[in-house]
Amino acid sequence: MTAPSFMDLALKAAETARKSGEVPIGCVIVLNHEVIATAGNRTLTDRDPTAHAEVLAIREATKLVGSELSDLPSCAGGLSGRRRERSGDAAAGFFQGAKIAP
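Numbering of residues starts from 1 in every chain and runs along the sequence as written. A pLDDT threshold of at least 70 governs which residues receive local features in this predicted model, and a stricter bar of 80 or more applies before side-chain atom pairs are shown or counted, although totals over entire chains, interfaces and linings include all residues. The basis for the side-chain values is all heavy atoms of the structure; hydrogens and waters are excluded.

Caption draft 1: Representation of helix H2 (residues 53–65). For H2, built from 13 residues, the straight-helix expectation of 18 Å at 1.5 Å per residue is met to within 8% by its first-to-last C-alpha distance of 18 Å. Only protein chains enter the calculation, and the probe is 1.4 Å; a residue is then buried if its accessible area is under 20% of its type maximum, exposed if over 50%, and partly exposed in between. To qualify as a helix, a DSSP run of H or I must reach at least 4 residues; to qualify as a strand, a run of E must reach at least 2; elements of each kind are numbered from the N terminus. Those residues of H2 not exposed but buried are Ala 53, Glu 54, Val 55, Leu 56, Ala 57, Ile 58, Ala 61 and Thr 62. Remark: Gly 66 follows H2 within two positions and exhibits a positive phi of approximately 75°. For a helix, the expected span equals 1.5 Å multiplied by the number of residues minus one.

Caption draft 2: Structural detail: the nonpolar core. Ranked by size, the top nonpolar core spans 12 residues in total: Ile 25, Cys 27, Ile 29, Ile 36, Ala 37, Ala 39, Ala 51, Ala 53, Leu 56, Ala 57, Ile 58 and Ala 61. Among the elements of the structure, strand S1 (25–31), strand S2 (34–40) and H2 are those that each provide at least two residues to this core. The leading source of residues in this core is H2, at five residues. Here, residues are in contact when the closest pair of their heavy atoms is within 4.5 Å. Discounting residues that sit within four places of it in the chain, Leu 56 has contacts with Ala 39, Gly 40, Arg 42 and Ala 51. Each nonpolar core is a collection of buried residues, namely Ala, Val, Leu, Ile, Met, Phe, Trp, Tyr and Cys, held together in the definition by side-chain atoms within 4.5 Å.

Caption draft 3: Structural view of the environment of Leu 9. Tracing the backbone shows Leu 9 in helix H1 (residues 3–19). A relative accessible area of 31% places Leu 9 in the partly exposed class. Distance in space between the C-alpha atoms of Leu 9 and Thr 38 is 7.9 Å, their sequence separation being 29 residues.

Rendered as structure tokens:
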């Protein structure tokens, strides 16, 4: 899969979140060119203020690959503490945007 395809998956997760009444943010975590986690915001659905797409995806990914990471106080802190080749954020709906950073 290519980076635009990964971004498409993140945008799809964001759109699913939007349809559920959430802020439309999606996150996909990729390891060795394979998607290992995907999530959209669920703070309202789960009644959990920490259920942001990035945190949910990190939790899912750590279940698969194992990690010393636990519930993180901030999404950025969790992502910056991990080695990665690329980082991207996706938003759908009223945000209409996407960003890929090296």
